[in-house]
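# Understanding the architecture of this molecule
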Amino acid sequence: MFLSPLPYLVIRMKYFVKTPWLIKKIFPTYLWSVPTKEKILYLTFDDGPHPEITTFVLSQLKKYNALATFFCLGKNVLAFPEVYRQILDGGHTVGNHTQNHLNGWKTADDVYLKDIGEAANYIDSNLFRPPYGKITLFQAKNLPAVMKERKAKVVMWDVLSADFDAEITEERCLQFVIFRCTPGSIVVFHDSEKAFRKLNYVLPRVLHHFKNEGFKFVALETN
C-alpha cells in the first residue's frame, strides 16, 4: 500500500494549487510552509539546473535581491556544473530532487532510494523534494540513510504555480500565485523547458508584485 501526502491530489487530471490544510495535518513531518507573521515568501524551483532557464531565473532573482531554493536533479548538476555553481555563488540554497526524476509511487523502494543516494553525491543538502510530490512513508523514513543527512527533510509546498500545465494561460498561472500566497508560503516553480513559457511571464511579475507589497524572498534553510 502506497501512502503519500498527494500535494497535487489529482482528481480527473486536476490538482490543488493551494495545498489543503487536511493534507498538511495528516503529514505534519513534511515541510509545507514556514510559520511566520512577517511578509516572507519561499520561492522554489524544481528540475534544474538548465543552462538558459536557470540563468534567467537567477538574473530575475538578483534584480529583486531575492533568494530562493533550487531542487536539482543530479543528472542536470552533472551536465551543467557551472550553472549549479552559479546557484550556490548567488547565495541560494539547493535540495535533492533525485538523480533521474523518478516517481516514488511507481519505482521499487531500493531503486528509488539508490537514485536519491546517487544525487546526494552531487547535491550537498538535507532538503529533499520528491518529483510529482509522490513518495511512500517507507521511502521518506529511509532518506537520512541514503542522503547521509541525519536531519533529512521532505519539503513539499503550500502553493503550486502550475507552470507545467499546458492547458492554462500565463495570466492564470500568475493569478494562482498572487492570490494563493500568504506569509511563509513555499511556492513551486520549475526551471525546465516544459515550464519556461509561463515562467518567463510569471516570475518577473510575481517578484514585482510581492516586492511592492513589502515581501522579502528568502531561501529555505538547510541543516
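Let me begin by describing the structure that accompanies this report.

Rules used throughout
Residues numbered from 1 in each chain as written. Predicted model: local features only at pLDDT ≥ 70, side-chain atom pairs only at ≥ 80, totals over all residues. Heavy atoms only, no water. 1 Å grid on protein atoms, 1.4 Å probe; cavity = no way out; pocket = protein on both sides within 12 Å on 5 of 7 lines; lining within 4 Å. Points joined across faces, edges and corners; volume = space filled by probe spheres on them. Nonpolar A, V, L, I, M, F, W, Y, C, P; charged D, E, K, R; others polar. Axes fitted to C-alpha atoms, helices over the stretch in contact; angles between N-to-C directions. Helix = DSSP H or I, 4+ residues; strand = E, 2+ residues; numbered from the N terminus. Parallel < 35°, antiparallel > 145°, perpendicular 65-115°, else oblique. Contact = heavy atoms within 4.5 Å. Buried < 20%, exposed > 50% of the residue type's maximum accessible area, 1.4 Å probe, protein only. Pairing = 2+ DSSP bridges. Polar contact = N/O pair within 3.5 Å; in protein donor to acceptor, adjacent residues only side chain to side chain. Core = buried A, V, L, I, M, F, W, Y, C linked by side-chain atoms within 4.5 Å.

### Quick look at the layout of surface pockets
Volume-wise, the second largest pocket comes out at about 190 Å³. Taken together, the residues that form the lining of the second largest pocket break down as seven nonpolar, two polar and three charged.

### So, the packing of helix α2 (residues 53-63) against helix α9 (residues 196-212)
In the contact formed by α2 and α9, the axes pass within 10 Å of each other and the chain directions differ by 10°. Considering the angle they form, α2 stands roughly parallel to α9. On the side of α2, the interface is formed by I53, F56, V57, Q60 and L61, while α9 contributes F196, L199, N200, L203, P204 and L207. Considered class by class, the residues forming the contact of α2 with α9 number nine nonpolar, two polar and no charged.

### Quick word on the pairing of strand β3 (residues 93-96)
In β3, alternate side chains face the same way, and those of T93 and G95 on one face and V94 and N96 on the other are all buried. Note that strand β2 (residues 69-72) and β3 share four bridges and pair parallel. If you follow C72 over to β3, its bridge partner there is N96.

### Some details on the environment of T44
Looking at the secondary structure, you find T44 in strand β1 (residues 40-46). Assessed through its relative accessible area of 0%, T44 is described here as buried. Considered as a pair, T44 and L78 are 34 residues apart in the sequence and their alpha carbons are 20 Å apart. If we skip the residues at most four places from it in the chain, T44 touches T69, F71, R129, I186, V187, V188, F189 and L220. A distance of 2.7 Å separates the side chain of T44 from the backbone oxygen of V187, its partner in a polar contact.

### Focus on the nonpolar core
With 66 residues, the main nonpolar core has L43, F45, L61, F70, I135, F189 and F210 as its most contacted residues. Setting aside residues no more than four positions away along its own chain, F189 makes contact with L43, T44, F45, D46, S161, D163, V177, L199, V202 and V206.

### Focus: unusual backbone geometry
Residue P49 is reached from G48 by a cis peptide bond, and omega for that bond is 0°. Inspection of the secondary structure assignment puts P49 in the loop between β1 and α2. For T98, which is not glycine, the phi dihedral falls at a positive 80°. Its identity as a non-glycine residue notwithstanding, Y132 has a phi of 65°, on the positive side. Relative to the elements of secondary structure, Y132 occurs in the loop between β4 (127-128) and α6 (137-141). Assessed through its relative accessible area of 35%, Y132 is described here as partly exposed.

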